[in-house]
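# Structure at a glance
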Amino acid sequence: MKIAADHRRIYNIKPGKPSPGPVLYWMSRDQRLADNWALLYARQLAERYKSPLGVVFCLATKFLDASWRQYHFMIEGLKEIESGLKKFNIPFFLLLGSAPEVLPAFIKKHGVAQLITDFSPLKIKQSWDAKLAIKIDIPVSEVDAHNVIPARYISDKKEFAAYTIRPKIHRALGEFLTEFPKIEANKFDWPGKFLKIDWANAAQSLKINMSVQPVSDIQPGEKAARAALDKFLRDGLKKYEADRNDPTRDGQSGLSPYLHFGQISAQRIALEVNKTRGHEKSSSAFLEELIVRRELADNFCLYEPNYDSFDGFHDWARTTLNNHRHDKRTHAYTRSQLERAKTHDDLWNAAQTEMVLTGKMHGFMRMYWAKKILEWTTSPEQALDIAIYLNDKYELDGRDPNGYAGIAWAIGGVHDRA
DNA sequence: ATCGGCTCGCGCAA
DNA sequence: TGCGCGAAGCCGAT
């Protein structure tokens, strides 16, 4: 008996009756084969309609402020998916360009009958979905493969703070924090031959900043993600409660780059943490970060279109920030000075340098880092722009709802007390 | 260092 | 309508 994807994970972007023909999963945010509800659902449809199944990834020539560091991390993960899909009789296609630019022709050429995609609350993915939907005439469904509790299901509005979403999440966990079925090989062959993907050519198509180099001590991909999880379960979890907020210790999980690219499932991490025993305080603190705070960030971006601007802050926060627009700054720095870690503050410079060199900043330092940018620039709008620019350009886990929500918290009091 | 008063909107209980 | 409460609180008095 197969476990079907929960209907509450599925949202019809474009309703319609599927005709016979191939099922296509347009993979975007959830770049993995294991524990992926969008892939499982697509596989389920292919079984029901006795159809071939393919997976496509559309490589946009640029994505927000992503640089070669993040594209490299992502492309290495996608290479693993290309080879991994072979044993499931599912071809992997890489198209160069954004989905609304390149998918309609592909769908037409291959007679695709239904399209499945994964869920992201970010404006860029939502707008790709909408633009694509009006260009094609087949049904399109979105599956929330990223959240343990689907974002559209847990709440239909912008939550005020963690304490308003937390009880909803805890009530729903019993139903959603369940084991995944294993993906099985598809029974129906995709017609035609496939060329091996030319990854070098794909990299050359990018119009991005190539000077931010890949990092060497975080290995990309689904296998590396699982290894990092196993290491955390073995060595890190027991010290998590005590060490996580000390930037001089290695007390955090290090899983956020993998979570950001969907190279590991949060639900998988939660299941494995729940299998451990004896570190209840650490486990519950970690699950609060992994589930409540992460899914609160998705909720913020889904229901607040101004998640990356001043207008997304509460009235009381905008009032306060407006009242202090002309306060004298003891230090005022340009974006370039901040980017090059040229401030008077050794601690801030160290955090900034850590991010530039390693692609991550300790979570506790991120608060200090962002709040000082507000203090040392001439307007909250400028502070927000600079924080987002730096975060998106250097952090492996940038360009993520967590980043936008975290920066909005630091600069605009989002999810904080008034 | 510690303490108490304070913000203001949400959500539950009554 | 009242009341308790909030991610790593804020601030001034002692």
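To keep things clear, this report deals only with the structure shown in the data block. (Residues numbered from 1 in each chain as written. Chains lettered and ligands numbered in written order. Predicted model: local features only at pLDDT ≥ 70, side-chain atom pairs only at ≥ 80, totals over all residues. Heavy atoms only, no water.)

### A word on the overall build of chain A
Here is the rule we go by: Strands here mean DSSP runs of E at least two residues long; helices mean DSSP runs of H or I at least four residues long; both are numbered from the N terminus. Only C-alpha atoms enter the radius of gyration, while the globule expectation follows 2.2 Å times N to the 0.38, with N the number of residues. The buried label goes to any residue with under 20% of its type's maximum accessible area, the exposed label to any with over 50%, and the partly exposed label to all in between, with areas taken from a 1.4 Å probe on protein chains only. Whether two residues are in contact is decided by their heavy atoms, any of which lying within 4.5 Å being enough. Accessible areas in this description were obtained via Shrake-Rupley with a 1.4 Å probe; residue shielding takes into account the shown protein chains only. We count Lys and Arg on the positive side and Asp and Glu on the negative side, and we leave His and both chain ends out. To locate a charge, the coordinates of NZ of Lys, CZ of Arg, CG of Asp or CD of Glu are taken.
Counting its secondary structure elements, chain A contains 17 helices and 6 strands. Here the C-alpha atoms of chain A give a radius of gyration of 22 Å, agreeing with the 22 Å that 2.2 N^0.38 yields for 418 residues. Along the first, second and third principal axes, the C-alpha atoms of chain A reach 65 × 50 × 40 Å. Expressed as a percentage of its 418 residues, the buried residues of chain A come to 57%. Across chain A, the fraction of contacts at a sequence separation of at least 24, relative to all contacts at a separation of at least 6, is 80%. Of the accessible surface of chain A, which amounts to about 19,000 Å², a share of 54% is contributed by carbon and sulfur atoms. Looking at chain A, you have 60 positive and 52 negative side-chain charges, and the mean spots of the two groups are 3 Å apart.

### Details of the layout of surface pockets
Our working definition: Cavities and pockets were defined on a 1 Å grid built over protein atoms only: a cavity is a set of grid points that admits a 1.4 Å probe from which the probe cannot escape, a pocket is an open set flanked by protein on both sides within 12 Å along at least five of seven lines, and lining residues are those with an atom within 4 Å of any such point. Grid points are joined across faces, edges and corners, and a volume is the space filled by probe spheres set on the points. Classes in brief: Ala, Val, Leu, Ile, Met, Phe, Trp, Tyr, Cys and Pro nonpolar; Asp, Glu, Lys and Arg charged; the others, Gly included, polar.
Taken as a whole, the second largest pocket spans an internal volume of roughly 560 Å³. Contributing to the lining of the second largest pocket are 25 residues, with Leu33, Ala34, Asp35, Phe88 and Glu222 lying nearest its centre. Elements represented by at least two residues in the lining of the second largest pocket include exactly α2 (68-85) and α8 (222-243). The element contributing the most residues to the lining of the second largest pocket is α2, with 5 residues. A per-class count over the lining of the second largest pocket returns 9 nonpolar, 6 polar and 10 charged.

### Digging into the protein's contact with DNA strand B
Inclusion rule: Throughout, near means a residue has at least one heavy atom within 4 Å of the molecule or strand. Definition of a polar contact: a pair of N or O atoms within 3.5 Å, with one able to donate and the other able to accept a hydrogen when the atoms are protein atoms, and with sequence-neighbouring residues admitted only if both atoms are side-chain atoms.
For DNA strand B, the full set of nearby residues is Lys157, Phe160, Tyr163, Thr164, Arg417 and Ala418. What you see for DNA strand B is that sugar and phosphate hold 60% of its atoms within 4 Å of the protein. Between DNA strand B and Tyr163 there is a distance of 2.9 Å, counted from a base nitrogen to a side-chain nitrogen or oxygen. A distance of 2.5 Å is found between a base oxygen of DNA strand B and a side-chain nitrogen or oxygen belonging to Arg417. Classifying every residue of the surface near DNA strand B by side-chain character gives 3 nonpolar, 1 polar and 2 charged.

### Details of the pattern of salt bridges
What counts, and what does not: In what follows, salt bridge is the name for a side-chain nitrogen of Lys or Arg lying within 4 Å of a carboxyl oxygen of Asp or Glu.
Taken as a whole and assessed by the stated rule, the structure comprises 31 salt bridges. Measuring nitrogen to oxygen at the nearest pair gives 3.7 Å for the salt bridge that ties Glu272 to Arg226. With Glu272 in helix α10 (residues 266-275) and Arg226 in helix α8, the pair connects residues that are 46 residues apart, well separated along the chain. Overall, the relative accessible area of 11% leaves Glu272 in the buried class. A salt bridge links Lys372 to Glu375; the nearest nitrogen and oxygen atoms lie 2.9 Å apart. Of the two residues, Lys372 and Glu375 both sit in helix α15 (residues 363-375), 3 residues apart, roughly one turn of that helix. One salt-bridge network, in which partners are shared between bridges, spans Asp35, Glu179, Arg226, Asp230, Arg268, Glu272 and Lys275.

### Looking at unusual backbone geometry
Of note, Asn89 is a non-glycine position whose phi angle comes to about 55°, a positive value. Inspection of the secondary structure assignment puts Asn89 in the loop between α2 and β4 (92-96). Unusually for a residue other than glycine, His415 sits at a positive phi of about 70°. The residue His415 is located in the segment after α17 (401-412) in this model.

### What about the environment of Gln114?
Tracing the backbone through its elements, the reader meets Gln114 in strand β5 (residues 114-118). On the accessibility criterion, Gln114 (7% relative accessible area) is buried. Once residues lying within four places of it in the same chain are set aside, the contact partners of Gln114 are Pro18, Pro22, Val23, Leu24, Leu45, Tyr49, Ile138 and Pro139.

### As for the protein's contact with DNA strand C
Among the 13 residues in the neighbourhood of DNA strand C, the closest are listed as Glu289, Arg293, Met367, Asp416 and Arg417. A breakdown of the atoms of DNA strand C within 4 Å of the protein gives sugar and phosphate a share of 19%. A distance of 2.6 Å separates a base nitrogen of DNA strand C from a polar side-chain atom of Arg293. In this structure, a base nitrogen belonging to DNA strand C sits 3.2 Å away from a side-chain N or O atom of Arg417. Taken together, the elements giving at least two residues each to the surface near DNA strand C come down to α6 (162-176), α11 (280-303) and α15. Each residue belonging to the surface near DNA strand C can be placed in one class, and the counts come to 5 nonpolar, 2 polar and 6 charged.

### A short note on the pairing of strand β6 (residues 140-143)
As a reminder of what qualifies: Note: two strands are recorded as paired if DSSP finds a minimum of 2 bridges between them.
Residues Val140 and Glu142 line one face of β6 and the alternating positions Ser141 and Val143 line the opposite face, and both faces are buried. Summarising the sheet, strand β1 (residues 10-14) and β6 pair through 4 bridges and their orientation is antiparallel. Looking at β6, one finds that Lys14 is bridged to Val140.

### Section: the sheet that holds strand β3 (residues 53-59)
Strand pairing within a sheet occurs via backbone hydrogen bonds; the two strands may be parallel or antiparallel. Quick note on the threshold: Note on geometry: axes are C-alpha line fits, over the in-contact stretch for helices, and angles between N-to-C directions span 0 to 180 degrees.
Taken together, the 6 strands give an open sheet; going across it, the order is β1-β6-β5-β2-β3-β4, and neighbouring strands pair in mixed fashion. In the strand order of this sheet, the two ends are held by β1 and β4, each with one partner. The mean inter-strand angle of the sheet, taken between neighbouring strand axes irrespective of direction, is 25°. As paired strands, β3 and β4 are joined by 5 bridges and run parallel to one another. Residue pairing in the sheet places Val55 in a bridge with Phe92 of β4. Sheet strands touched by α2: β2 (23-27), β3 and β4. Its angle to β3, the strand with the most contacts, is close to 165°.

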